[in-house]
Amino acid sequence: MRIFRSIVSLIVLSLIFSCSENKEAGNISISKEHKRVYEDSFEGDTIAPFWKTQQITHPDRLQLVPDPLDPGNKVMKIAIEPGDKVAGGYRNEIVFRSHDSLGYLTKYSYRFMLPESFFEKEEKAGSIVLNQWHDDPYPGFTWATKKIKVRPPYAMYIEHNPEGEFFMKLHSGVKMGNVNEMTIVKWPHKLEPNKWYTLKTEIFWSIYENGYVKASIDDTCFELEGVSQCKVSATNMYHKIPNYYKMGLYWSKGHTHKRHIYYDDFDMVTRRIGYFPPMTDVDSLQTEK
């Protein structure tokens, strides 16, 4: 009987371990390799459960609507109007925490489209963020007690000038006090209205110089001073608490025209691969999803 109980116990433990290593919750799946997969095609009546909407100022600012170019396809529309403000910024963004701390490799992609109204000329130069990874306060501090002002270590955004020119840019790296290790790169092509673009991004998270980002739009890399920069090396964490992902519209002060953007086919895969991965190990993951 004792042997039988031992065998049963081993079977139960095995089943528990298996379930904990390969489970699904909404649109999130976690594999036995500690790989997390987040997907949202925006085809349902609501966005996927991993998204948080506390930084949406009004229900009308986030909608699931027919694709303007293909009514049979459903997409997410995020809008922003002058006066929309939450958490100290002019924004409407959805948020989630994928818990990618030191040594994690994150790969994500999505499609986006800008309507013609997005390109209305503003009197003042400004910027409009489309997606960013935001830092949390240092361990032991809150937003109220945090004293050091830092800049989010990653953001992809559109800069515009009074002449009505719009440029896609990306910054990566830490910036605080007298420390400025941030690199800013620019996408070389002109943005066009009513056209779907595909963004692909890969980030290795690190408090050391082996951190990096690889990003492209329609398979064209960003550029640094006119030279293609398919990989931007940068320390991209201030401390061990993971950065969290935000997507939507966040603009600088002074915008006067309301704007909206369409997103579709969001896909993210993240897993820990080590603190100091040999480059051959990272490169071998390029073809993996």
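Draft legend 1. Geometry of unusual backbone geometry. Phi at phenylalanine 42 is positive, roughly 60°, even though this residue is not glycine. Secondary-structure assignment places phenylalanine 42 in the loop between strand 3 (35-40) and strand 4 (62-67). One non-glycine residue, asparagine 194, lies in the positive phi region at around 55°. By the secondary structure assignment, asparagine 194 is in the loop between strand 13 (183-186) and strand 14 (196-204).

Draft legend 2. Structural context of the confidence of the model for the chain. Per-residue confidence for the chain gives a mean pLDDT of 87, with 83% of residues at or over 70. When the criterion is pLDDT under 50, residues 1-26 qualifies, and its contacts beyond four places in sequence or with other chains add up to eleven contacts.

Draft legend 3. Representation of the side chain of histidine 239 in the model. Of note, histidine 239 is situated in the loop between strand 19 (232-233) and strand 20 (244-251). On the accessibility criterion, histidine 239 (9% relative accessible area) is buried. Within the structure, the side chain of histidine 239 is placed 2.8 Å from the backbone oxygen of aspartate 136, a separation counted as a polar contact. Separated by 3.2 Å, the side chain of histidine 239 and the backbone nitrogen of isoleucine 241 make a polar contact. Other than its neighbours up to four places away in sequence, histidine 239 contacts Leu102, Asp136, Pro137, Tyr138, Pro139 and Ile207.

Draft legend 4. Here's a closer look at the environment of alanine 48. Of note, alanine 48 is situated in the loop between strand 3 and strand 4. In this structure alanine 48 comes out as buried when scored by relative accessible area, which is 4%. Sequence separation between alanine 48 and tyrosine 38 is ten residues; the distance between their C-alpha atoms is 8.9 Å.

Draft legend 5. Broad picture of the packing of aromatic side chains. Per the stated rule, a full pass over the model turns up 22 aromatic pairs. Where tryptophan 51 meets tyrosine 245, the ring centres are 6.3 Å apart and the plane angle is 40°; that geometry is what we call tilted. Here tyrosine 245 lies in strand 20 and tryptophan 51 lies in the loop between strand 3 and strand 4, a separation of 194 residues in the sequence. Residues tryptophan 51 and tyrosine 245 agree in their burial class; the two are buried. The side chain of arginine 111 reaches across the aromatic face of tryptophan 196, ending 4.3 Å from its centre. In this structure, lysine 231 is placed above the aromatic ring of tyrosine 212, and the distance from its NZ or CZ to the ring centre is 4.7 Å.

Draft legend 6. Here's a closer look at the environment of glutamine 132. Take glutamine 132: it is sitting in strand 8 (residues 126-134). Glutamine 132 gets classed as buried once you look at its relative accessible area, which sits at 3%. Glutamine 132 sits 40 residues away from serine 172 along the chain, and the two C-alpha atoms are 9.8 Å apart. Here glutamine 132 is in contact with Arg91, Glu93, Pro152, Tyr154, Ala155, Tyr244, Tyr245, Lys246 and Tyr250, once residues within four sequence places are set aside. Within polar-contact distance, the side chain of glutamine 132 engages the side chain of glutamate 93 at 3.0 Å.

Draft legend 7. Quick look at the pattern of salt bridges. All told, the structure shown has eleven salt bridges when counted by the stated rule. Arginine 259 is paired through a salt bridge with glutamate 122; the nearest N and O atoms lie 2.7 Å apart. In this pair, arginine 259 sits in strand 21 (residues 259-272) while glutamate 122 sits in the loop between strand 7 (104-113) and strand 8, placing the two residues 137 residues apart along the sequence. Assigned by exposure class, arginine 259 and glutamate 122 land together as buried.

So, how was this worked out
Residues numbered from 1 in each chain as written. Predicted model: local features only at pLDDT ≥ 70, side-chain atom pairs only at ≥ 80, totals over all residues. Heavy atoms only, no water. Helix = DSSP H or I, 4+ residues; strand = E, 2+ residues; numbered from the N terminus. pLDDT = per-residue confidence, 0-100. Contact = heavy atoms within 4.5 Å. Buried < 20%, exposed > 50% of the residue type's maximum accessible area, 1.4 Å probe, protein only. Polar contact = N/O pair within 3.5 Å; in protein donor to acceptor, adjacent residues only side chain to side chain. Phe/Tyr/Trp six-rings, centres within 6.5 Å; stacked < 30°, edge-to-face > 60°. Lys NZ or Arg CZ within 6 Å of the ring centre and 35° of its normal. Salt bridge = Lys/Arg side-chain N within 4 Å of Asp/Glu carboxyl O.

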